[in-house]
Every structure is written in C-alpha cells, then in structure tokens.
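So you can see what is in the structure, the chains are spelled out below.
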Amino acid sequence: LILRCLEKDPNSRFQSVEDLEKAVRARRPYNVPSPLSSFVGRQQQSAEIRSLLAGNRLVTLSGAGGSGKTRLALRIASDVLDLYADGVWFADLAPVSEARVVVQTLASSLQIREEVEKPLLDSVLSHLRNAQLLLIVDNCEHLVDACAQLVQTLLEQCANVRILATSREPLG
C-alpha cells in the first residue's frame, strides 16, 4: 500500500482517501460474517457500545433470545474494524454443546492450528498476547462458566484484546 501511495505515476496511486481506506480495510484481518439484512435504527445503542468498548476490555450484550444481540454485535464489528490493527474476529458458540470445545471453537475462528505437545489454550494465548484486536464471542448463554473462564484468562494475559460477548446472561 505504501509503495502504491508513493508511485511516480499519479494514475498508479490511489485516486482518493476513500480508495486507500478500502484497500487498508481489505487487508485487515476480519472473519465477521456479512449481515443478511440491513441495519435500521439503534444508533444510540451502537454509539453507547462503541463508547463502552473504548473504556472497557469486556462488554457483554445480554438480553432475551431474538432481541438482536448478534446483529448489533455484527454492526459494531463493522463500525470499529479500523480501530484494531489485528482485526475483528467472530467466534460463534451456538453450535457448541460441550464446554471443552469452547477453546477449540475460538482457535478455529482465529485460524490458530493446534501444535504438537502444546495445549491449544497456550497456542491461543501465544497468538493473542501481543495482538490488538476485538474478539466477538457470540451465544455464550449455554456455556457461561466455560466462556467466563476463557474470557478471564484472555483478559489477564492479552493486554490489547477487547471482547464483545453476546449472551442471554452476563458473563460476570
């Protein structure tokens, strides 16, 4: 991107700041699914959540099933992508039925592979320790204890990781 900005031929450079922003965004790590519908309203909630994320490393969106927690989290992800050098990552726990699979699901979402003779959680922590990213952990309600324990470990050992969780009950 830098070389393209410095091209001698003006026609080879980015033609606008918007073009440069699109190129930067395209290179930023991001696995958040695209919403299937448009997002209408909730601007005040979105602004409040962005503000909470700026000042807190863990924010939990809690509420009844079907109230739009996931959709709101996806919107926030899109809004704040540029704030996180290592991107925004989405881990969906809805299909997970066993607590022991939570770390595996998170590792898979982060594209972290299991290493021989190394616990998977250690690999995740090694990967995230110096990362600056937002992690969205979706549908924690049926695995609250396992999620709370994992989130606590991540927050204790990964200083620049922020977590936006969705759950029918708070994580703690």
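This text goes with the structure placed above it.
To start, this report covers the structure provided alongside it. (Residues numbered from 1 in each chain as written. Predicted model: local features only at pLDDT ≥ 70, side-chain atom pairs only at ≥ 80, totals over all residues. Heavy atoms only, no water.)

1. A few points about unusual backbone geometry
- The backbone phi angle of E117 is positive, close to 55°, even though this residue is not glycine.
- Within the element layout of this structure, E117 appears in the loop between helix 5 (102–109) and helix 6 (120–128).
- On the accessibility criterion, E117 (83% relative accessible area) is exposed.
- With a phi close to 65°, N139 is a non-glycine residue in the positive phi region.
- Tracing the sequence through the fold places N139 in the loop between strand 3 (133–138) and helix 7 (144–157). (Helix = DSSP H or I, 4+ residues; strand = E, 2+ residues; numbered from the N terminus. Buried < 20%, exposed > 50% of the residue type's maximum accessible area, 1.4 Å probe, protein only.)

2. Observations regarding helix 5
- Listing the buried residues of helix 5 in full gives V102, T105, L106, A107 and S109.
- Here the buried face of helix 5 lies against strand 2 (88–92), helix 6, strand 3 and helix 7.
- Positive backbone phi, approximately 60°, marks Q111, located one or two places after helix 5. (Contact = heavy atoms within 4.5 Å.)

3. Some thoughts on helix 7
- Helix length check: helix 7, at 14 residues, gives a terminal C-alpha distance of 20 Å against a target of 20 Å (1.5 Å per residue), a fit within 8%.
- Among the residues of helix 7, V144, A146, C147, L150, V151, T153, L154 and L155 are the ones counted as buried.
- Buried residues along helix 7 sit in contact with strand 1 (58–62), helix 5, helix 6, strand 3 and strand 4 (161–167). (Expected span 1.5 Å × (residues − 1).)

4. Here we look at the environment of L81
- Examined against the element boundaries, L81 turns out to sit in the loop between helix 4 (69–80) and strand 2.
- Taking C-alpha positions, L81 is 8.8 Å from L133, a pair spaced 52 residues apart along the chain.

5. A short note on empty space enclosed by the protein
- For the structure shown, the criterion picks out 1 cavity of 30 Å³ or more.
- The computed volume of the largest cavity comes to approximately 70 Å³.
- Lining the largest cavity, in full, are A91, L93, V102, L106, L135, V137, C147, L150, V151 and L154.
- Breaking the lining of the largest cavity down by element, the ones donating at least two residues are helix 5, strand 3 and helix 7.
- Across the lining of the largest cavity, the residue classes tally to 10 nonpolar, no polar and no charged. (1 Å grid on protein atoms, 1.4 Å probe; cavity = no way out; pocket = protein on both sides within 12 Å on 5 of 7 lines; lining within 4 Å. Points joined across faces, edges and corners; volume = space filled by probe spheres on them. Nonpolar A, V, L, I, M, F, W, Y, C, P; charged D, E, K, R; others polar.)

6. Things to note about the nonpolar core
- L128, L135 and L154 are the most contacted members of the largest nonpolar core, which has 31 residues in total.
- Elements that contribute at least two residues to this core include exactly strand 2, helix 5, helix 6, strand 3, helix 7 and strand 4.
- When residues of this core are assigned to their parent elements, the largest contribution, 7 residues, is made by helix 7.
- In this structure L128 touches L110, L133, L154, C158 and V161, once residues within four positions along its chain are discounted.
- Of all hydrophobic cores here, the second largest spans 18 residues; its members include I49, V59, I76 and I136. (Core = buried A, V, L, I, M, F, W, Y, C linked by side-chain atoms within 4.5 Å.)

7. Quick notes on the sheet that holds strand 3
- If you walk across this open sheet you meet the 4 strands as 1-4-3-2, and the pairing is parallel. Lying at the two open borders of the sheet, with one neighbouring strand each, are strand 1 and strand 2. Pairs of neighbouring strands in the sheet enclose a mean axial angle of 15°, with direction left out of account.
- The sheet contacts of helix 5 involve strand 2 and strand 3, and relative to strand 2 the element is tilted by about 140°. (Pairing = 2+ DSSP bridges. Axes fitted to C-alpha atoms, helices over the stretch in contact; angles between N-to-C directions.)

8. Observations concerning the side chain of T153
- Within the secondary structure layout, T153 lies in helix 7.
- Looking at T153, the relative accessible area reads 17%, which means it is buried.
- Here T153 is in contact with L121 and L125, once residues within four sequence places are set aside.

9. Quick notes on the packing of helix 3 (residues 43–55) against helix 4
- Relative to each other, helix 3 and helix 4 sit at 65°, their axes nearing to 10 Å. For the pair helix 3 and helix 4, the sense of crossing is right-handed. Contacts from Q45, S46, I49, R50 and L53 of helix 3 reach helix 4 at L72, R75, I76, D79 and V80. (Left-handed = near helix turned anticlockwise from the far one by under 90°.)

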